[in-house]
Amino acid sequence: MTVSARAMAAATPASRDRYVDLLRVASLATVVCGHWLMAAVSTDGIGNLLALVPPLQVLTWGLQVMPVFFFVGGFSHALSYRSLERRGEGRPVYAAFLRARLQRLLRPTLVFVLVWAALALLVQLAGADGGRLAGAALRMVTQPLWFIGIYLAMVALTPPLLRLHARWGWGAFAALTGAAALVDVLRFALGVPYAEFLNFAFVWLAVHQLGFLRADGRITRPALLGAAGLAGAVLLVAAGPYPLSMVGMPGEKVSNMAPPTLALLCHGMWLVGAVQLLARPVTAWLARPRVWRGVVTANGVAMTAFLWHLTAMLGVYAAQLAAGLALPEPATAAWWAQVPPRILLAAALTAALVACFRRFEAPRPVTAAPPAAPPAAPPAARARTAEGARGSGAAAALGTTLCLLGILGLSMTGLGGLLEGHTAVLIAFPVTAPAAIGMAVGGRLAGGTFRVGPEG
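What counts and how
- Residues numbered from 1 in each chain as written.
- Predicted model: local features only at pLDDT ≥ 70, side-chain atom pairs only at ≥ 80, totals over all residues.
- Heavy atoms only, no water.
- Patch = residues over 30% accessible without salt bridge, like charges linked within 9 Å, V, L, I, M, F, W, Y side chains within 5 Å.
- Areas by Shrake-Rupley, 256 points an atom, 1.4 Å probe, with all protein chains shown as cover.
- Salt bridge = Lys/Arg side-chain N within 4 Å of Asp/Glu carboxyl O.
- Helix = DSSP H or I, 4+ residues; strand = E, 2+ residues; numbered from the N terminus.
- Buried < 20%, exposed > 50% of the residue type's maximum accessible area, 1.4 Å probe, protein only.
- Pairing = 2+ DSSP bridges.
- 1 Å grid on protein atoms, 1.4 Å probe; cavity = no way out; pocket = protein on both sides within 12 Å on 5 of 7 lines; lining within 4 Å.
- Points joined across faces, edges and corners; volume = space filled by probe spheres on them.
- Nonpolar A, V, L, I, M, F, W, Y, C, P; charged D, E, K, R; others polar.
- Phe/Tyr/Trp six-rings, centres within 6.5 Å; stacked < 30°, edge-to-face > 60°.
- Polar contact = N/O pair within 3.5 Å; in protein donor to acceptor, adjacent residues only side chain to side chain.
- Axes fitted to C-alpha atoms, helices over the stretch in contact; angles between N-to-C directions.
- Parallel < 35°, antiparallel > 145°, perpendicular 65-115°, else oblique.
- Left-handed = near helix turned anticlockwise from the far one by under 90°.
- Contact = heavy atoms within 4.5 Å.

Caption draft 1: Structural detail: a nonpolar patch on the surface. Taken together, the side chains of V58, L59, L63 and L244 define a hydrophobic patch exposed on the protein surface, amounting to about 290 Å² of accessible area. As for its placement among the helices and strands, L244 is situated in the loop between α11 (222–239) and α12 (262–277). Taking the relative accessible area as the measure of exposure, L244 reaches 34% and is therefore partly exposed.

Caption draft 2: Spotlight on the pairing of strand β3 (residues 423–426). Here β3 shows one buried face, formed by A424 and L426, and one open face, formed by T423 and V425. Relative to strand β4 (residues 429–432), β3 runs antiparallel, the two being bridged by 4 bridges. Following the sheet pairing, A424 is matched in β4 by V431.

Caption draft 3: Up close: the pattern of salt bridges. Inspection of the entire model under this criterion finds 5 salt bridges. Put simply, R16 and D21 hold a salt bridge, and the shortest N to O gap is 2.9 Å. Overall, the relative accessible area of 43% leaves R16 in the partly exposed class. Salt-bridge contacts for R104 lead to E361; the nearest nitrogen and oxygen are separated by 3.8 Å. Linking R104 in helix α6 (residues 94–125) with E361 in the loop between α16 (333–357) and α17 (379–413), this pair joins segments that are 257 residues apart in sequence. A relative accessible area of 3% means that E361 is categorised as buried. Linked by salt bridges that have partners in common, R16, D21 and R24 make up one network.

Caption draft 4: The environment of R290, seen in detail. With respect to the element layout, R290 can be found in helix α14 (residues 289–299). Overall, the relative accessible area of 69% leaves R290 in the exposed class. For the pair formed by R290 and A9, sequence separation is 281 residues and the distance between their alpha carbons is 9.1 Å.

Caption draft 5: Representation of empty space enclosed by the protein in the model. Tallying each qualifying case throughout the model produces 1 cavity of 30 Å³ or more. A volume near 40 Å³ is recorded for the largest cavity. As for the largest cavity, its lining consists of W36, M313, V316, Y317, R342, I343 and A346. At the level of secondary structure, the elements contributing two or more residues to the lining of the largest cavity comprise α15 (302–322) and α16. Residues of the lining of the largest cavity, tallied by class, amount to 6 nonpolar, no polar and 1 charged.

Caption draft 6: Seen up close, the packing of aromatic side chains. Within this structure, the stated rule accounts for 16 aromatic pairs. With a centroid separation of 4.9 Å and an interplanar angle of 80°, the aromatic rings of F112 and W308 are classed as edge-to-face. A residue pair is termed long-range when its members are at least 10 positions apart, and F112 in helix α6 and W308 in helix α15 qualify at 196 residues. Note on F112: relative accessible area 1%, which makes it buried. A ring pair is formed by F188 and Y242, whose centres lie 5.4 Å apart and whose planes are at 75°; its orientation type is edge-to-face. Taken together, the residues F188 in helix α9 (residues 170–189) and Y242 in the loop between α11 and α12 connect sequence positions 54 residues apart. Classification of Y242 as buried rests on a relative accessible area of 9%.

Caption draft 7: View of the side chain of Q209. Structurally, Q209 is set in helix α10 (residues 199–215). Within the structure, Q209 has its side chain in polar contact with the backbone oxygen of L161 (distance 3.2 Å).

Caption draft 8: Representation of the packing of α11 against α12 within the structure. Packing of α11 against α12 brings their axes to within 7 Å, and their N-to-C directions diverge by 150°. Between α11 and α12, the interaxial angle falls into the category roughly antiparallel. In this structure, the crossing between α11 and α12 has a hand that is left-handed. Between α11, through P222, A223, L225, G226, G229, L230, G232, A233 and L236, and α12, the contact on the second element is made entirely by L262, A263, C266, H267, M269, W270, V272, G273, Q276 and L277. Taken together, the residues of the contact of α11 with α12 break down into 13 nonpolar, 6 polar and no charged.

What follows is the structure, encoded as structure tokens:
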């Protein structure tokens, strides 16, 4: 049984950090609006507005806010894991932590993947995927899934990174930043093949580590953090091999996003510093009941809206073509005139899709760590309990890894060429869309503690 947003808002404890909830929603909403604005659809295919109008790439310094989402993830993961440790009284909690953090993420994601895979298969069986628009749509609709794959890795690595944070604090963040810088040296100065892929871990985990620091109240000088990050990003872009855009551009030789670079990490540092400076006044605003109910409502459907927002945008363009309305050339006056109504229609269609699929994001009860054997139990019983906990954690880790690889692979292959065996390179290995879907679904089903269905 689901709980209404009004009831959840009313039951919010005074100790809850409401600002973090707002940052989670605001970051995803910014990404959604950015995607709607940047998509330059014409009869020739789907392009990128920022590639057509390069001066607009400076807007990505405000619109590329995924670092804020990962920063919020680090904060939430630290609190969640520590809470499970306290309630588990020292017993293994890894599987319980993975289940608690990933269930709401993986259910709506896999529903999205399976629905779109079925649609793509029908389109290709009907021979309708040969057009430029249809082919481009099947490629791009899964591209935003990359961030879910990275998020899975962050969850899986939270326990060891949290231990590093407990011991070294800012030193752990500095070590990850130094590793990201070293990878860029290997990539740009020495030309070491495949070294750049290491920064998928180092850059995003460094941002994630900033969330740990916030959870402990250790970001005491956000202005200094923001200034250092902004200065670093400006210097790297101005004097180094880094492009201006903080998102990927079609056809570019170097991207700050895929794989991420030290410039993107500096960009994330200034964003974190900036949002931290706003924490106090915005938190006071969030104390208003109506405002807080809106944040709670949005948080309950944010992932579903993110997953389906490109589908909605493509639906608006498809309806425009079906109605016989011309698609103006991107970046022309006629194209800009259509932007406001097109975004409003995409928002309305996204709301309709959320109404259809939001139940898959609804939270379910979560259990804490598995009960330990009573103190008086014989040694053999305690050994079996420990062995079962370790097996449960191993199954959960395996499932997470498979889901991570499958979702990342699907974000790179897209859903075009399902029947032709189209491949893309995932960390130096070729992968097909069917294989990626199989890994994601197989990972979701792996192990008793990672199964589909009610948690606990």
